Amino acid sequence: MASPPPIKLKQSQSTSAAQTLTASSSSLSAHDARLLVRETLRISANLASSNSNATESPPLSLADSAENQSRNRRRLGLVEEEYVNSSLRLICCEEIDGRRWNYVAEKDSLSGTFRKGSIRALTMHTPPAPVEDLMSFVRSYVVPEGFPDSVIPSYVPYMTWRALKHFFGGAMGVFTTQTLLTSVGVSRNRAAPGAVAINWILKDGAGRVGKMLFARQGKKFDYDLKQLRFTGDLLMELGAGVELATAAVPHLFLPLACAANVVKNVAAVTSTSTRTPIYKAFAKGENIGDVTAKGECVGNIADLLGTGLSLMISKRNPSLVTTFSLLSCGYVFSSYQEVKSVVLHTMNRARFTVAVDSFLKTGRVPSLEEGNLNEKIFSFPWLKDRPVVLGPRFKDAFQDPGVYLSIEPLFEKERYIVTYNPSKGKVYALLKDQAKSDDILKAAFHAHVLLHFVQSSNESQSCAQKQSEHSKHSDIVSTTTDLEAHISESCKMVSKSYGIFKSKAADQGWKMSESLLNPGRARLCASDKSG
């Protein structure tokens, strides 16, 4: 006797797949029969429930929920699905001021290698609210970096009362300026003194705005105080030149005077901010206050003598342009010699470069006087053409994921990674999130060692073959293997010579524990590469 056809039960849409239940009257056991009845009743209940809710809005299905979650994750830069369903693979993770990025690269399914130039940065945080951006912008101008941990508790009440003092002082300045202009007889017209006073106050106000904006340089006043001090003096002369230009175009007095005051107030910020560290370098004991007072007194005496000389010269009606040019040359030359004569015990990037270059070429570390004398003063802090970059972003140092994966094992025990980018002609020292002060110092030393290898190879190559004129940077590490070999060489040299360099630098009087190398804020952090 033929068995009856299979009984197909249609499930609801909420089940993952259709199931087919085959019942045979000849082979059903009591247990199977109970399961069949239970499944039939459940399906009937689901069908009845779906019919009763037909007029209502449909609930969020599992598929819809997954789609929304996926959309949210993509909005946040999370692409875990793509790690599985596409050729993207996680390379490393980076963190800057609490914000995190994942770097992924595309893998070739045929060769199994990563494609060059396929590195992408994916943000792992939601964009900050406009209010947070505004507050961060304001904080960058009014409080020191690392606040409140970077200052003692009394800083806040001191700055609060100082701000109130300047508020009342600024308010009084409006009335005193107007009164002085009236007293010297600017005009008999009653409206004129007020108008002139307003123009004068606008000029001073623009200068204060410029002073406030430049104050954002922050720690650069500590790291590169010689360079900023000399830059400030150059800006002071520029401002004086703009002020003299008002004589040629008096109808443009207000805009020119405002521009000159902005420049001169920026120069005043640099002078004020770098004055204390310079005086501190001269003081041998706890006499920095006395040294500062006497230094300011010498400056005031010299200023008064210069003012008297200028009054005597002005009576002979000399050429304004000639006189200003001669005085400016004397001012700039004196400023350059002033900052060159300062001997600092700490190492910023410029002095560190001098010390490491001397050590690699001669085996000795220069003395404090020699290192400070050879420091480049014209290397302005905001220029980005330096051959060594400390603490850069991952995307600036690497374009080829294969290069990173090949050299990463060489720095497994270090808290930094050093590489060379031939397309940019720069050495990059990336810092890991566990990097301390000595690790940063060692990373900078390693970067200069690698740069020394690069420059030596360039020189030897140029002797054998003339470089092409259209090439901006010589590419001595054209393959990943070449780069790995050069970095491996530098690792061996650093492991042998870094301790010797620190010891010799300490013998010369350099304070290695207080290095001012000003690294970038980007840090490589641990990431889960299981995806």
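All figures in this text were calculated on a predicted structure; none of them were measured in a lab.

S.K.: So what exactly am I meant to see when it comes to the overall build of the protein chain here?
M.R.: Looking only at helices and strands, the protein chain features 17 helices and seven strands. Counting all 531 residues of the protein chain, 32% fall into the buried class. Here the contacts in the protein chain between residues at least 6 apart in sequence split such that 67% fall between residues at least 24 apart. Surface summary for the protein chain: the accessible area is close to 32900 Å², and the carbon and sulfur share equals 59%.

S.K.: What should I look at first to understand the sheet that holds strand E4 (residues 388-390) in this one?
M.R.: Hydrogen bonds along the backbone pair up the strands of a sheet, which may run parallel or antiparallel. Pairing within the open sheet is mixed, and its three strands lie in the order E4-E6-E5. A single partner strand is all that each edge strand has here, and the edge strands are E4 and strand E5 (416-421). When the angles between neighbouring strand axes are averaged without regard to direction, this sheet yields 15°. Summarising the sheet, E5 and strand E6 (residues 426-431) pair through six bridges and their orientation is antiparallel. Paired with Thr 419 across the strands is Tyr 428, a residue of E6.

S.K.: How should I be thinking about the state of the cysteines in this particular structure?
M.R.: Joining two cysteines, a disulfide is a covalent bond between their sulfur atoms. Under the criterion given, the structure shown has zero disulfides. Here Cys 93 is not cross-linked by a disulfide; its sulfur's nearest cysteine counterpart is in Cys 525, at 3.3 Å. Cys 93 sits in the buried class, given a relative accessible area of 0%.

S.K.: For this particular structure, what's the right way to read the packing of aromatic side chains?
M.R.: The description of an aromatic ring pair rests on the distance of the ring centres and on the angle between the ring planes. Enumeration over the complete set of coordinates arrives at 13 aromatic pairs. Plain terms: the ring middles of Phe 230 and Tyr 336 are 5.7 Å apart, the flat faces sit at 70° to each other, and that makes the pair edge-to-face. Here the residue Phe 230 occupies a position in helix H8 (residues 225-245), and Tyr 336 occupies one in helix H11 (residues 320-340), the gap between them amounting to 106 residues. Taking relative accessible area as the criterion, Phe 230 reaches 2% and is therefore assigned buried. The class for Tyr 336 is partly exposed, based on a relative accessible area of 23%. Each member of the aromatic cluster is reached from another via a ring pair, and the members are Phe 352, Phe 359, Phe 445, Tyr 498 and Phe 501.

S.K.: Would you mind going over the pattern of salt bridges with me for this structure?
M.R.: Oppositely charged side chains can form a pair if their charged atoms are brought close together. Across all of its chains, the model carries 12 salt bridges by this definition. Where Arg 100 meets Glu 95, a salt bridge forms, and the shortest distance between an N and an O atom there is 3.9 Å. In this structure Arg 100 comes out as partly exposed when scored by relative accessible area, which is 31%. For Glu 95, a relative accessible area of 28% translates into the label partly exposed. With a closest N to O distance of 3.0 Å, Arg 351 and Glu 375 form a salt bridge. Residue Arg 351 is located in helix H12 (residues 349-362), and its partner Glu 375 is located in the loop between helix H13 (368-373) and E4; the two are separated by 24 residues in the primary sequence. For Glu 375, a relative accessible area of 2% corresponds to the buried category.

S.K.: Just to check I follow, could you spell out the layout of surface pockets for this structure?
M.R.: If a probe as big as a water molecule is rolled over the atoms, it shows which places are left empty. In this structure, the second largest pocket encloses a volume near 1500 Å³. Along the wall of the second largest pocket there are 43 residues; nearest its centre are Met 236, Glu 237, Ala 302, Asp 303 and Tyr 331. Listed by contribution, the elements that provide at least two residues to the lining of the second largest pocket are H8, helix H9 (253-282), helix H10 (288-314) and H11. Classifying every residue of the lining of the second largest pocket gives 19 nonpolar, 16 polar and eight charged.

S.K.: What am I meant to see in the pairing of strand E1 (residues 88-96) here?
M.R.: Regular strands place their side chains on alternate faces of the sheet. Extensive coverage of E1 is indicated by the burial of seven of its nine residues. Summarising the sheet, E1 and strand E2 (residues 99-106) pair through eight bridges and their orientation is antiparallel. Bridge pairing links Glu 94 to Trp 101 in E2. The turn linking E1 back onto E2 is made up of two residues, and Asp 97 within it adopts a positive phi angle of 50°. Relative to strand E7 (residues 523-525), E1 runs antiparallel, the two being bridged by three bridges.

S.K.: What is the right way to look at the sheet that holds E2 in this model?
M.R.: Here we have four strands laid out as an open sheet, ordered E3-E2-E1-E7, and antiparallel in their pairing. Among the strands making up the open sheet, the edge pair consists of strand E3 (120-123) and E7. Strand-to-strand twist of the sheet, defined as the mean angle between neighbouring strand axes without regard to direction, takes the value 35°.

S.K.: Is there a simple way to think about the confidence of the model for the protein chain in this case?
M.R.: Note: predicted coordinates in regions of low pLDDT should not be interpreted at a detailed level. Per-residue confidence for the protein chain gives a mean pLDDT of 74; residues scoring 70 or more make up 65%. A low-confidence stretch, residues 1-29 stays under pLDDT 50, and its non-local contacts, those more than four residues away or across chains, total 22 contacts. Note on residues 69-82: pLDDT under 50 across the span, and 20 contacts to partners over four residues away in sequence or across chains.

S.K.: What is the right way to look at the environment of Ser 490 in this model?
M.R.: Considering the arrangement of structural elements, one finds Ser 490 in helix H17 (residues 480-507). Ser 490 gets classed as buried once you look at its relative accessible area, which sits at 0%. Sequence separation between Ser 490 and Val 418 is 72 residues, and the spatial gap between their C-alpha atoms is 9.6 Å. Ignoring sequence-local partners within four residues, the contact set of Ser 490 consists of His 446, Val 449, Leu 450 and Phe 453. A distance of 2.6 Å separates a polar side-chain atom of Ser 490 from the backbone oxygen of Ile 487.

S.K.: Where do I start with the nonpolar core in this structure?
M.R.: If you look at the biggest cluster of nonpolar residues, it comprises 58 residues, and the most contacted ones within it are Phe 352, Leu 390, Phe 394, Phe 398, Phe 445 and Phe 501. Every residue in contact with Phe 501, bar those within four places of it in the chain, is listed here: Phe 352, Ala 355, Val 356, Phe 359, Val 365, Phe 445 and Met 512.

S.K.: Mind showing me how you'd approach the packing of H8 against H11 here?
M.R.: Helix-helix packing is characterised by the crossing angle of the two axes and by the distance between the axes. Contact geometry of H8 with H11 gives a least axis separation of 9 Å together with a crossing angle of 170°. On the basis of their axis angle, the class for H8 and H11 is roughly antiparallel. Contacts between H8 and H11 involve Lys 226, Arg 229, Phe 230, Asp 233, Leu 234, Met 236, Glu 237, Ala 240, Gly 241 and Leu 244 from the first element and Leu 320, Phe 324, Ser 328, Tyr 331, Val 332, Ser 335, Tyr 336, Glu 338 and Val 339 from the second. Along the lines of polarity and charge, the residues of the contact of H8 with H11 split into 11 nonpolar, three polar and five charged.

S.K.: Is there a simple way to explain unusual backbone geometry in this structure?
M.R.: Trans is the prevailing form of peptide bonds, just as negative phi is the prevailing case for residues other than glycine. Of note, Asn 518 is a non-glycine position whose phi angle comes to about 50°, a positive value. You can see Asn 518 is positioned in the loop between H17 and E7.

S.K.: Help me out: how do you make sense of the pairing of E6 in this one?
M.R.: Along E6, six of the six residues are buried, which leaves the element largely enclosed by surrounding structure. As consecutive antiparallel partners, E5 and E6 are separated by four residues, and within that stretch Gly 425 has a phi angle of approximately 65°, a positive value.

Analysis parameters
By convention here, each chain's residues receive numbers from 1 onward along its written sequence. With the structure being a predicted model, the display of local features is reserved for residues of pLDDT at least 70 and the display and counting of side-chain atom pairs for 80 or more, all residues being used for whole-chain, interface and lining totals. Side-chain measures were taken over the full set of non-hydrogen atoms in the model, leaving aside hydrogen atoms and water. By definition, any uninterrupted DSSP run of H or I lasting at least four residues is a helix, any uninterrupted run of E lasting at least two residues is a strand, and each is numbered from the N terminus. Exposure is judged per residue with a 1.4 Å probe applied to protein chains only, and the accessible area is read against the type maximum: over 50% gives exposed, under 20% gives buried, and values in between give partly exposed. Between two residues, a contact is recorded if the distance between any of their heavy atoms is within 4.5 Å. In this description, accessible areas are obtained by the Shrake-Rupley approach with a 1.4 Å probe, and a residue is regarded as covered only by the protein chains that are shown. Pairing between strands is defined by DSSP: at least two bridges between the two strands are required. Think of each axis as a best-fit line through the C-alpha atoms, taken over the contacting stretch in the case of a helix, with angles from 0 to 180 degrees between the N-to-C directions. Cysteine sulfur atoms are paired as a disulfide whenever they fall within 2.5 Å. A pair of aromatic rings is counted whenever rings of Phe, Tyr or Trp (Trp by its six-membered ring) have centres within 6.5 Å, and the orientation is called stacked for planes under 30 degrees apart, edge-to-face for over 60 and tilted otherwise. Salt bridge criterion: a side-chain nitrogen from Lys or Arg within 4 Å of a carboxyl oxygen from Asp or Glu. Think of a 1 Å grid over just the protein atoms. A cavity is a set of points where a 1.4 Å probe fits yet cannot get out, a pocket is an open set with protein on both sides within 12 Å along at least five of seven lines, and lining residues have an atom within 4 Å of a point. Grid points are joined across faces, edges and corners, and a volume is the space filled by probe spheres set on the points. Residues were grouped as follows: Ala, Val, Leu, Ile, Met, Phe, Trp, Tyr, Cys and Pro as nonpolar; Asp, Glu, Lys and Arg as charged; and all remaining residues, including Gly, as polar. Along the chain, pLDDT gives the predictor's confidence residue by residue, from 0 to 100. N or O atoms closer than or at 3.5 Å make up a polar contact, with two conditions inside protein: a donor-capable atom paired with an acceptor-capable one, and, for residues adjacent in sequence, both atoms drawn from side chains. Buried Ala, Val, Leu, Ile, Met, Phe, Trp, Tyr and Cys residues that are joined via side-chain atoms within 4.5 Å together make up what is termed a nonpolar core. Angles are sorted into four bins: roughly parallel if under 35 degrees, roughly antiparallel if over 145, roughly perpendicular if 65 to 115, and oblique for all others.

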